[in-house]
Amino acid sequence: MPRITAVRTICTAPDGIRLVIVKVETDEPELYGLGCATFTQRPLAVVTAVQEYLAPFLIGRNSEDIEDIYQAAYVSSYWRSGPVLNNALSGVDEALWDIKGKQAGMPVYQLLGGKCRTSAPLYAHASGRDLQELEENARKYMERGYRYVRCQMAVRGYSTYGSGAWTLSAEKTPPHLQLEQAPWEPGPYCRQVPKMFEHLRVQLGDEVELLHDVHERVPAIQAIGLAKELEQYRLFFLEDLFAPEDNEYFRIVRQQTSTPLAMGELFVNQAEYVPLIKDRLIDFIRVHISDIGGLSMARKLAAMCEFFGVRTAWHGPGDVSPVGHAANLQLDLACHNFGIQEQHEFGERTREVFPGTPQIRDGALWSNERPGLGIDLDESLAAKYPFPEHPLNGAWPAIRRLDGTVIRP
Ligand code: GCO
Ligand code: MG
């Protein structure tokens, strides 16, 4: 019976993105596990939660008791949920699954029921400053074998999510505003997006699956209008049409359009996602697994979704660590109701720090078939990439409308 001897956090930013990993060590010298605890906007708060609260709570416990450890740690703060505590829990929970897989000599997906598919189809991110650049970038992915492409285009002069054009441009910025980045207005964006998909459908044809992320940027009634207008372009999904605070709008939009809806990267607890699933108001669950507490919660959530026809589309940007991507992949392979996996192509440095980072091939993510999560962490290399200096420690600066009002990022 392996006993937990240490619960440590490792902070590293090989590609400039702040990643937090939890390492759980046992009294069996070679037996340890890794979990993702990356909350990139508040990483130091997660480190404190792990080191000061979870580590003393868990040392001496049998690492095999994953469910009991999860349940006990979850209520040990009395006040629970939220991204800080959930990420801390996730670091431990995923590490315990990693350990259990290593003990069994099997990849974790085997413990979850085995493979439903050979690999997990990915969607790539194509972006552009204009239609030509976006179309070219989408084509590049299609030529590499991708069948799913998310398309985001800059709205000229504004800081548009996902388009790469976040820098401050003088063009639209009123001189009286002291902005840290270009402003944002929902109107021009809502007028542009349908034209963008008209162009892409005509140029790229019917076969490719197109996706788009609204990133909760638009007032709800404008978002409903957008979802209706986009129906004719047959998106694979439209993501984060509303903010979690506006969840009730899903009841309204659902009656008006069959545009498939993906939601949930910002969710942190059951009260947010259970009603949307049980009432069949969304089509894809986009949860960021470490933000809901880790693999144990995510596998329950996936099972619940299966009964209501909701498919999985786990959040997979660069601020999910390679350990988190490895955890996503275990569920992608084992869950019948898999929908799609978001891809992030990690740079060479990150892949060196994390040997075993899941491989991308032919537009899909593949398991390396190693026991546990199949991933390791080179601690001495990780130490060479400390968190970058930043006045806000990684927190996001405000984005404002032309009148100065702060909007959601
Ligand atoms: C996505 C997301 C990300 C988030 C990021 C926040 O769909 O991939 O919206 O790009 O903005 O993970 O840290
Ligand atoms: Mg998103």
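Scope of this entry: the structure provided in the associated data block.

About the criteria used
Residues numbered from 1 in each chain as written. Chains lettered and ligands numbered in written order. Predicted model: local features only at pLDDT ≥ 70, side-chain atom pairs only at ≥ 80, totals over all residues. Heavy atoms only, no water. Phe/Tyr/Trp six-rings, centres within 6.5 Å; stacked < 30°, edge-to-face > 60°. Helix = DSSP H or I, 4+ residues; strand = E, 2+ residues; numbered from the N terminus. Buried < 20%, exposed > 50% of the residue type's maximum accessible area, 1.4 Å probe, protein only. Pairing = 2+ DSSP bridges. Axes fitted to C-alpha atoms, helices over the stretch in contact; angles between N-to-C directions. Contact = heavy atoms within 4.5 Å. Donors = N, O, S within 2.8 Å, 3.2 Å for Na, K, Ca; no water. Near = heavy atom within 4 Å. Polar contact = N/O pair within 3.5 Å; in protein donor to acceptor, adjacent residues only side chain to side chain. Areas by Shrake-Rupley, 256 points an atom, 1.4 Å probe, with all protein chains shown as cover. Nonpolar A, V, L, I, M, F, W, Y, C, P; charged D, E, K, R; others polar. Arc of directions from axis to C-beta. Parallel < 35°, antiparallel > 145°, perpendicular 65-115°, else oblique. Left-handed = near helix turned anticlockwise from the far one by under 90°.

### Considering the packing of aromatic side chains
All told, the structure shown has twelve aromatic pairs when counted by the stated rule. Ring plane angle 75 degrees and centroid distance 5.0 Å describe the contact between tyrosine 148 and phenylalanine 236, whose orientation is recorded as edge-to-face. Residue tyrosine 148 is found in strand S5 (residues 148-153), and its partner phenylalanine 236 is found in the loop between helix H7 (220-230) and strand S7 (237-239); the two are separated by 88 residues along the sequence. Taken as a pair, tyrosine 148 and phenylalanine 236 share a single burial class, namely buried. Here the aromatic rings of phenylalanine 236 and phenylalanine 284 are separated by 5.0 Å at their centres, their planes lie at 45 degrees, and the arrangement is tilted. In this pair, phenylalanine 236 is assigned in the loop between H7 and S7 and phenylalanine 284 in strand S9 (residues 284-285), connecting sequence segments 48 residues apart.

### As for the sheet that holds strand S3 (residues 32-36)
Across the sheet, which stays open at both edges, the three strands sit in the order S1-S2-S3 with antiparallel pairing between neighbours. Both outer strands of the open sheet, strand S1 (4-12) and S3, are each paired with one neighbouring strand and no more. Averaged over all adjacent pairs, the angle separating strand axes in this sheet is 20 degrees, with direction ignored. With eight bridges joining them, S1 and strand S2 (residues 19-26) adopt antiparallel strand pairing. Residue pairing across strands places alanine 6 opposite glutamate 25, the latter belonging to S2. On top of the sheet, helix H1 (residues 43-58) reaches S1 and S2; it is set at about 175 degrees to S1, its chief contact.

### Side note on the coordination of the magnesium ion (ligand 2)
Taken together, Asp213 (OD), Glu239 (OE) and Glu265 (OE) make up the protein donors of the magnesium ion (ligand 2), found 2.0 to 2.2 Å from the metal. When the donors of the magnesium ion (ligand 2) are listed by position in the chain, the intervening gaps give D-x25-E-x25-E. Taken as a pair, aspartate 213 in strand S6 (residues 209-213) and glutamate 265 in the loop between strand S8 (261-263) and helix H9 (270-278) lie far apart in primary sequence, 52 residues in all. Glutamate 265 shares its class with aspartate 213; the two are buried.

### Looking at the site of ligand 1
Lining the immediate surroundings of ligand 1 are 13 residues, of which Tyr161, His215, Glu265, Asp319 and Glu342 lie closest. A distance of 3.1 Å is found between an oxygen atom of ligand 1 and a side-chain nitrogen or oxygen belonging to aspartate 213. Between an oxygen atom of ligand 1 and a side-chain N or O atom of glutamate 342, the distance comes to 2.4 Å. The protein chains hide 88% of the 340 Å² of surface that ligand 1 would expose on its own. Residue composition of the shell around ligand 1, grouped by class: three nonpolar, three polar and seven charged.

### With respect to unusual backbone geometry
At histidine 215, a residue that is not glycine, the phi angle is positive and equals roughly 55 degrees. In this structure, arginine 280 takes a positive phi of about 55 degrees despite not being glycine. Its location among the elements puts arginine 280 in the loop between H9 and S9.

### Quick word on the pairing of S3
Burial runs high along S3: five of the five residues are buried. Neither face of S3 is left uncovered, since the one carrying Tyr32, Leu34 and Cys36 and the one carrying Gly33 and Gly35 both have all their residues buried. One ladder, built from five bridges, connects S2 with S3; its direction is antiparallel. Bridged to valine 22 within S3 is glycine 35. Linking S2 back to S3 in an antiparallel pair, the connection comprises five residues.

### Description of helix H2 (residues 66-75)
Along H2, the residues classified as buried are Ile66, Ile69, Tyr70, Ala73 and Tyr74. Along the axis of H2, the buried positions cluster into a sector of 125 degrees, meaning they face one direction only.

### What to know about the packing of H9 against helix H10 (residues 295-307)
Close contact between H9 and H10 brings their axes to 10 Å; oriented N to C, the two are set at 20 degrees. The pairing of H9 with H10 is recorded here as roughly parallel in orientation. Remark: the crossing between H9 and H10 carries right-handed chirality. Contacts between H9 and H10 pair Gln270, Tyr273, Val274, Ile277 and Lys278 from the former with Met297, Leu301, Met304 and Cys305 from the latter. For the contact of H9 with H10, the residue count by class is seven nonpolar, one polar and one charged.

What is shown is where atoms sit, not what they do.
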